[in-house]
Amino acid sequence: MPKFVIEREIPGAGQLGASELTAIAKASCGILQNLGPQIQWVHSYVTEDRIYCVYIAPNADLVREHARQGGFPANRVSEVLTMIDPTTSEG
């Protein structure tokens, strides 16, 4: 199943408090439940003005539909083609 990185431009994202992040996560999980098991949220990284989310889904359109239903920005949806880590240097 393809993996995607979603870039969400959210000014002030790094200043969001725990309760705000919890509310966002709950909203996202509710939409995911309605969309079915073919789309999964893996995790997200919060930076100063962006949130980068990693999803597993059959296609980018389903990722965009999740964003549309949640009212979340999805400024860029990129399919992960290859993953590397420090062990890649051993190959």
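Predicted model, so just to flag it, every value in this text is computed and none were measured.

Brief notes about the overall build of the chain
Scanning the chain for helices and strands turns up 2 helices and 4 strands. Reading the chain from its N terminus to its C terminus gives the helix and strand order β-α-β-β-α-β. Seen along its three principal axes, the alpha-carbon backbone of the chain occupies a region of about 45 × 30 × 20 Å. Expressed as a percentage of the 91 residues in the chain, the buried residues total 25%. A total accessible area of about 6,000 Å² is found for the chain, and carbon and sulfur atoms account for 53% of it. The chain carries 7 positive and 10 negative side-chain charges, and their two centres are separated by 6 Å.

A short note on the sheet that holds strand β2 (residues 40–46)
Pairing is antiparallel across the open sheet formed by 4 strands, whose spatial order is β2-β3-β1-β4. The open sheet has two edge strands, β2 and β4 (76–79), and neither has a second partner. On average, adjacent strands in this sheet sit at an angle of 20 degrees to one another, irrespective of strand direction. Pairing geometry for β2 and strand β3 (residues 50–56), over 6 bridges, is antiparallel. Each bridged residue has a counterpart across the sheet, and for Ser-44 the counterpart in β3 is Cys-53. Against the sheet, helix α1 (residues 18–35) makes contact with β2 and β3, and its axis sits at roughly 155 degrees relative to β2, the strand it touches most. Contacts from helix α2 (residues 60–70) reach β1 (3–9), β3 and β4, with the element oriented near 35 degrees to β1.

Description of the layout of surface pockets
The space that makes up the largest pocket amounts to roughly 210 Å³. Lining the largest pocket are 14 residues, and of these Ile-24, Trp-41, Ser-44, Ile-51 and Cys-53 lie nearest its centre. Of all the elements in the fold, those that place two or more residues in the lining of the largest pocket are α1, β2 and β3. The leading source of residues in the lining of the largest pocket is α1, at 4 residues.

A short note on the environment of Ala-74
Of note, Ala-74 is situated in the loop between α2 and β4. A C-alpha to C-alpha distance of 9.6 Å links Ala-74 and Ile-51, two positions 23 residues apart in sequence. The residues contacting Ala-74, other than those within four sequence positions of it, are Ile-6, Glu-7, Arg-8 and Ala-67.

Thoughts on the side chain of Ser-28
Tracing the backbone through its elements, the reader meets Ser-28 in helix α1. Its relative accessible area of 4% is what places Ser-28 among the buried residues. A polar contact is formed between the side chain of Ser-28 and the side chain of Tyr-55, at a distance of 3.3 Å. Not counting the four nearest positions on each side in its chain, Ser-28 is found in contact with Trp-41, Tyr-55, His-66 and Phe-72.

Procedures and definitions
- Residues numbered from 1 in each chain as written.
- Predicted model: local features only at pLDDT ≥ 70, side-chain atom pairs only at ≥ 80, totals over all residues.
- Heavy atoms only, no water.
- Helix = DSSP H or I, 4+ residues; strand = E, 2+ residues; numbered from the N terminus.
- Buried < 20%, exposed > 50% of the residue type's maximum accessible area, 1.4 Å probe, protein only.
- Areas by Shrake-Rupley, 256 points an atom, 1.4 Å probe, with all protein chains shown as cover.
- Lys, Arg positive; Asp, Glu negative; His and termini not counted.
- Charge placed at Lys NZ, Arg CZ, Asp CG, Glu CD.
- Pairing = 2+ DSSP bridges.
- Axes fitted to C-alpha atoms, helices over the stretch in contact; angles between N-to-C directions.
- Contact = heavy atoms within 4.5 Å.
- 1 Å grid on protein atoms, 1.4 Å probe; cavity = no way out; pocket = protein on both sides within 12 Å on 5 of 7 lines; lining within 4 Å.
- Points joined across faces, edges and corners; volume = space filled by probe spheres on them.
- Polar contact = N/O pair within 3.5 Å; in protein donor to acceptor, adjacent residues only side chain to side chain.

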